Amino acid sequence: METKNIGLRDIEVADTKISDIDGEHGKLIYRGYDILDLTKNSTFEETVYLLLNDKLPTKTELDEFKQRLIDARDMPRQMQSNMRNWKKNADPMVMMQAFVVALSGYYDDKGANDQEINYQSAISLISKTPTIVASWERVRSSKDIVDPDPRLSHAGNFLNMLVGEKPDAETERIFDICLILHADHTFNASTFAAREVASTGAHMYSAVSAAIGALSGPLHGGANYEVMKMLFEIKTADNAADWVKERITNGQKIMGMGHAVYRTYDPRAQVLKELSRKLAKKTGAPWFEITQAVEEATIHEMKKQKGIDIYPNVDLYSASLYYMLKIPPDLNTPIFAISRVAGWTSHVIEEKFAQAAPKTALYRPKAVYVGKYCGPQGCEYQSIDLRK
Ligand code: COA
């Protein structure tokens, strides 16, 4: 029998009210709202409320919600001390995954089946993951940890904890928009991982930890780190065409290009491209120009060599943008995660409690066994001395 539906492409496995992608027209909506509208008018905090609650908040609801997020920012001190025992070159995604699941050890009632407790766990994870990432950056660079500042927004507070310096209003807003853009993206690999774990009845921390593991791979969230490595290797915009041509000729992928769902420009990439352009003007850094040259060369070569139209995805321009915000490149993927945790937790709650969706069951796809078959009795077990 032939294996069908490799990678579960186009297989409908659940109903969701959280987000939708129109891959043909390059549209992404969160709870009915176009992300381009949200990036113009909303903030990350308001977008998180929307994702978790299926409606935009009133002013009072937003103020209360922001306060809940602020109150949940601190991570346990023992965990911060424990960070000092880690090797300083530990992968920040591994660190984050381990610390997210370790957080669950601090809460006796993880409330796997209680909606309000899950909502509070979601707030806790959305607020504490930036503290985990920033604290790890400070510890590994032998700098003092910067405590969360309740006067700052989610975006501003993260940059302050990371760099030890309050960002200016423009930088804070640029980062806020990046967080909005990465917050959810339907049934991508990491979200599916979170929902799959939640479908077993496991708690929110386990589900989010699994999602972080899935996000870390270079074909998913890890691509934005790979993009920055690529830009370092290419060095100047003039080198881009030859570099890209050689890779595509050798059957290698160009990171940050192509998408499993979008058949046109990823709307997130459009916004990030303009933000990267803006920062390049402000800083004089070459990274935007090199990225644009990679985009143009990839489009040209893919058309020429394979007759395929290809477009940038969310990771292409976020890499240079984060670098110009003075963020170390290996934190690109953890930063993706501190935003996507809003989507993951919303999906976990939907998976566990949604009434509208047909009651979801434990995910259990079927595999086609193509291994050894020695007949109805099975293969004969040989003692180790007789094996050749
Ligand atoms: N660079 C070079 N070639 C690419 C490519 C890329 N970034 N993306 C796709 N292709 C090629 C494939 O190799 C394939 O060629 P083939 O038919 O000769 O084998 C063809 O385009 C069709 O690609 P396919 O693998 O069907 O696309 P997909 O929709 O399954 O894959 C990705 C989507 C994201 C896995 C793929 O585009 C990719 O690996 N991109 C780079 C990694 C990345 O940026 N990931 C982040 C995603 S948000």
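- By the naming in an unreviewed UniProt entry, the protein chain goes by Citrate synthase and is assigned to Candidatus Nitrosotenuis cloacae.
- Listed under Catalytic activity (unreviewed entry) in UniProt, the entry text for the protein chain is "oxaloacetate + acetyl-CoA + H2O = citrate + CoA + H(+)".

### What to know about the environment of asparagine 53
- Assignment of secondary structure puts asparagine 53 in helix H2 (residues 44-53).
- Remark: the alpha-carbon pair of asparagine 53 and arginine 31, spanning 22 residues in sequence, is separated by 9.1 Å.

### Things to note about the packing of aromatic side chains
- Tallied over the full model, the rule gives 11 aromatic pairs.
- Ring centres of tyrosine 49 and phenylalanine 65 lie 5.2 Å apart, and the angle between their planes is 90 degrees; this geometry places the pair in the edge-to-face category. Pair noted here: tyrosine 49 is in helix H2 and phenylalanine 65 is in helix H3 (residues 59-71), with a separation of 16 residues, a long-range link. Note on accessibility: tyrosine 49 and phenylalanine 65 belong to one class, buried.
- Ring centres of tryptophan 287 and tyrosine 323 lie 5.5 Å apart, and the angle between their planes is 90 degrees; this geometry places the pair in the edge-to-face category. Linking tryptophan 287 in helix H14 (residues 287-306) with tyrosine 323 in helix H15 (residues 314-324), this pair joins segments that are 36 residues apart in sequence.
- Relative accessible area serves as the criterion here: at 15%, tryptophan 287 is assigned to the buried category.

### Examining the state of the cysteines
- All chains considered together, the criterion is met by one disulfide.
- The side chain of cysteine 374 participates in a disulfide bridge whose partner is cysteine 379; the two sulfur atoms lie 2.0 Å from each other. Of note, the bridge from cysteine 374 to cysteine 379 carries an S-S torsion of about 70 degrees and is right-handed in sense.

### A closer look at empty space enclosed by the protein
- Scanning the entire structure with this criterion turns up two cavities of 30 Å³ or more.
- By volume, the second largest cavity amounts to about 30 Å³.
- Residue lining of the second largest cavity: Pro92, Met95, Met96, Ile132, Val133, Trp136, Leu331 and Pro334, and that is the complete set.
- Per-class residue counts for the lining of the second largest cavity are eight nonpolar, no polar and no charged.

### Some thoughts on the site of the ligand
- The environment of the ligand is made up of 20 residues, and the closest members are Ile254, Gly256, Met257, Lys306 and Asn313.
- With respect to the ligand, the backbone of leucine 219 contributes an N or O atom lying 3.3 Å from a nitrogen atom.
- In this structure, an oxygen atom belonging to the ligand sits 2.8 Å away from a main-chain N or O atom of glycine 256.
- Here the ligand, which alone exposes 850 Å², has 70% of that area covered by the protein.
- Within the shell around the ligand, the residues separate by chemical class into nine nonpolar, six polar and five charged.

### Here's the deal with the domain arrangement of the protein chain
- Splitting the protein chain by domain gives domain 1 (19-219 + 330-353) and domain 2 (223-323).
- Taking both partners together, domain 1 and domain 2 bury about 2200 Å²; carbon and sulfur atoms supply 65% of that area.
- Summed over the shared surface of domain 1 and domain 2, the result is three salt bridges.
- Lysine 282 serves as the salt-bridge partner of aspartate 168, at 3.4 Å between the closest nitrogen and oxygen.
- At the junction of domain 1 with domain 2, the criterion picks out eight residue pairs in polar contact (both at pLDDT 80 or more).
- For the side of domain 1 that touches domain 2, the residue count by class is 12 nonpolar, 10 polar and seven charged.

### What about the nonpolar core?
- Phe158, Phe175, Met230, Leu321, Ile327 and Trp344 are the most contacted members of the largest nonpolar core, which has 108 residues in total.
- There are two domains that each give this core at least three residues, and those are domain 1 (19-219 + 330-353) and domain 2 (223-323).
- The contact partners of leucine 321, leaving out residues within four places of it in the chain, are Ile174, Cys178, Leu272, Leu275, Ser276 and Leu279.

Conventions adopted
All residue numbers refer to position in the chain's written sequence, counted from 1. Local features in this predicted model are restricted to residues of pLDDT 70 or higher, and side-chain atom pairs are both shown and tallied only at a pLDDT of 80 or more, whereas totals for entire chains, interfaces and linings draw on every residue. Excluding hydrogens and water, the side-chain values take into account all heavy atoms of the structure. UniProt positions are given in the numbering used here, feature names are shortened, and annotations may be inferred rather than shown by experiment. Helix and strand assignments follow DSSP, with helices taken as H or I runs no shorter than four residues and strands as E runs no shorter than two, numbered in order from the N terminus. When the centres of two rings from Phe, Tyr and Trp lie within 6.5 Å, Trp using its six-membered ring, the rings pair. Their planes under 30 degrees apart give stacked, over 60 give edge-to-face, and anything left gives tilted. Three exposure classes are used, based on accessible area relative to the maximum for each residue type with a 1.4 Å probe and protein chains only: buried under 20%, partly exposed in between, and exposed over 50%. Sulfur atoms of two cysteines make up a disulfide when they are within 2.5 Å. Of the two site types, the cavity is a set of points on a 1 Å grid over the protein atoms alone where a 1.4 Å probe fits but cannot get out, and the pocket is an open set with protein on both sides within 12 Å along at least five of seven lines, each lined by residues with an atom within 4 Å of a point. Grid points are joined across faces, edges and corners, and a volume is the space filled by probe spheres set on the points. Basically, the charged four are Asp, Glu, Lys and Arg, the nonpolar ten are Ala, Val, Leu, Ile, Met, Phe, Trp, Tyr, Cys and Pro, and anything else, Gly included, counts as polar. Residue proximity to a molecule or strand is established when one non-hydrogen atom of the residue lies within 4 Å of it. Polar contacts here mean pairs of N or O atoms no more than 3.5 Å apart (in protein, one a potential hydrogen donor and the other a potential acceptor; neighbouring residues in sequence count only if both atoms are side-chain atoms). Note that accessible areas follow from Shrake-Rupley with a 1.4 Å probe, and for residues the cover is restricted to the protein chains shown. Note that the domain bounds were set by an automatic or database domain assignment. Two parts placed together each lose some accessible area; with a 1.4 Å probe, that loss summed over both constitutes the buried area. Throughout this description, the term salt bridge denotes a Lys or Arg side-chain nitrogen within 4 Å of a carboxyl oxygen of Asp or Glu. Definition of nonpolar core: a set of buried residues of the types Ala, Val, Leu, Ile, Met, Phe, Trp, Tyr and Cys, connected through side-chain atoms within 4.5 Å. Throughout, a contact is declared for two residues whenever any of their heavy atoms are within 4.5 Å.

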